[in-house]
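# Chain and residue survey
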Amino acid sequence: MHDAVAVVSQFIDLSLWTVLYLFAMGFVGGLVSGFIGSGGAFVLTPGMMSLGVPGLMAVASNMCHKFPKALVGATKRAKYGQVDVKLGVVLGISAEAGVLYGASIQEGIKKAYGDAGSNLYVSTAFVVILAIVGGFVLRDAIKSYRAGTTNDEEKLTKIARWVQSVNIPYTMVYFKALNARISVLFTIPLGFATGMLAATIAVGGFIGVPAMMYVLGAPGLMASATELVIAFVMGVGGSFKYALHGMVDIRLALIILAGSLFGIQLGAIGTTYVRPYMIKLVMGVIMVTVLFSRALMLPVYMSQLHLIGEMSPATSKLLSNTSFAIMMFALGLGAFIVLKAMWQGKREERLRESAGALAVERI
Amino acid sequence: MATTTRKKALVSAIIMGALSIGLYALLFLKQDLVNSNFGKGGAYALLPIATAFLFSFVHGSFTGNFWTALGIEAAKSKGGK
């Protein structure tokens, strides 16, 4: 892979601004992750690269901040009874295989088509997957909001009902999140896809959480909390693999972690105040916004690969900057919705408490 | 009851916060040593992983108690959902 000694010299110098920038991004990323189980990484990796950190090292350092963050988030949400550790570990193991396969595909594409080819592949994966899955998640959230069923138990989809009805001897396992026995064979492709997506666009949860909700039949709260276990399992393995080659800049990982542990605790607390459809809403909004950001970059990479006419450097820079700004906006918007929903929930709780106290006084 | 929890959390936040600041100070003051050893690869790969676990425990405990001490806690009833 890379020469470890050469990598050491690539560690960047840290200024106060760099530290504050990473801390703030870590906080917002952590807040969103605590709430929807993933997210943040798609901004953090390019964010580090914009500071001059080499691409692979940015990916490695991001992963090394992700697993301790996921561990803290999962522990917190387990206290609220939202985590299914067994489901997380089972999915996490096949996700690990997906990460390795996804990374080897990436390396192959990079060898054959260079950086632009690899970037085009990543961005196309972003656009296609976010359009399909993000569109579906957002539509589902809007549908339950319009139907006024946001307080109801989430209904099983047709496919989840089918998955839960199939009985394959010797492979059946009970999962708390589903309150049903399903064949582990169904979890393998889902975990694998989550890992492949994590290796490709750094956010496996964009497949993992919707898969748990719509294919396996887990409630949104359980799915997003269990995703943190998957992220932890994937993250430890991935970080170790990168660290073997000396790719992890632990300083960057720990600065981001400093901010993200504040965020993830707050995001986890937030889940106890909101109606379940909010998880889907935040996830859908972020996915669809990020989709536009990545779509803007497609012509840039296509022009670099001479698939379309040449693009002036000014246009290409404008598109890159706009794309990054939209990604930051997506994360900021997600964080805003989380904080607002939490604030409203807390206010409603206070009102209920004071109404209760008043009723007791009257008696 | 809630006041006692918050007081306890405040004490824990101060202790873990001080520990966390100490660890971060050590990390930045000994940056050269960290950079030259943590990036070596091979068996040295255990260093960044172990460090990440240590920081997640200390700093995670601090941030958890920090929010509790500020009175920001999980909803008491399921009514909000």
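Fair warning: this is a prediction, and the values are worked out from it, not measured in the lab.

### Details of the overall build of chain B
Each helix and strand counted, chain B has three helices and zero strands in total. Scanning chain B from its N terminus toward the C terminus, one meets helices and strands in the order α-α-α. In summary, chain B has a C-alpha radius of gyration of 17 Å against a globular reference of 12 Å for 81 residues, an excess of more than 25%. Based on the C-alpha atoms only, the size of chain B along its principal axes is roughly 50 × 30 × 15 Å. Taken over 81 residues, chain B has a buried fraction of 31%. Long-range pairs, those at least 24 residues apart, make up 81% of the contacts in chain B between residues at least 6 apart in sequence.

### With respect to the environment of Ser144 of chain A
One can find Ser144 of chain A in helix α5 (residues 85-146). Separated by 128 residues in the primary sequence, Ser144 of chain A and Thr272 of chain A place their C-alpha atoms 19 Å from one another.

### What to know about the nonpolar core
Counting residues in each nonpolar core, the largest one holds 122 residues, and the members touching the most others are Phe232, Val248, Ala253, Val282, Met287 and Val290 of chain A. Apart from the residues within four sequence positions on either side, Val282 of chain A is in contact with Phe35, Ile36, Gly334, Ile337 and Val338 of chain A.

### Regarding the interface of chain B and chain A
Facing 33 residues of chain B, the contacting portion of chain A comprises 38 residues. The set of elements that each furnish at least two residues to the side of chain B that touches chain A consists of α1 (2-29), α2 (31-38) and α3 (46-69) of chain B. Considering every element that reaches the side of chain B that touches chain A, the biggest residue donor is α3 of chain B, with 12 residues. Tallied by class, residues from the side of chain B that touches chain A come to 14 nonpolar, 15 polar and four charged.

### Some remarks on the environment of Asp140 of chain A
Along the polypeptide, Asp140 of chain A turns up in helix α5. Along the backbone, Asp140 of chain A and Gly98 of chain A are 42 residues apart, and their C-alpha atoms lie at a distance of 27 Å.

### A closer look at the confidence of the model for chain B
Residues and elements named next belong to chain B. Scored by pLDDT, chain B has a mean of 89; 93% of the residues are at 70 or more. Within chain B, α3 carries the highest mean pLDDT (96), whereas α2 carries the lowest (88). With pTM at 0.90, the complex prediction returns an ipTM value of 0.93.

### Side note on the pairing of strand β1 (residues 172-175) of chain A
Residues and elements named next belong to chain A. Looking at chain direction, β1 and strand β2 (residues 180-183) are connected through four bridges and run antiparallel. Counted as the bridge partner of Met172 is Ser183 from β2. The turn joining β1 and β2, which pair antiparallel and follow one another in sequence, is formed by four residues; a positive phi near 50° is taken by Asn179.

Procedures and definitions
- Residues numbered from 1 in each chain as written.
- Chains lettered and ligands numbered in written order.
- Predicted model: local features only at pLDDT ≥ 70, side-chain atom pairs only at ≥ 80, totals over all residues.
- Helix = DSSP H or I, 4+ residues; strand = E, 2+ residues; numbered from the N terminus.
- Rg over C-alpha atoms; globule rule 2.2 N^0.38 Å.
- Buried ≥ 20, exposed ≤ 12 C-beta atoms within 10 Å, placed from the backbone.
- Contact = placed C-beta atoms within 7 Å.
- Core = buried A, V, L, I, M, F, W, Y, C linked by C-beta atoms within 7 Å.
- Nonpolar A, V, L, I, M, F, W, Y, C, P; charged D, E, K, R; others polar.
- pLDDT = per-residue confidence, 0-100.
- Pairing = 2+ DSSP bridges.

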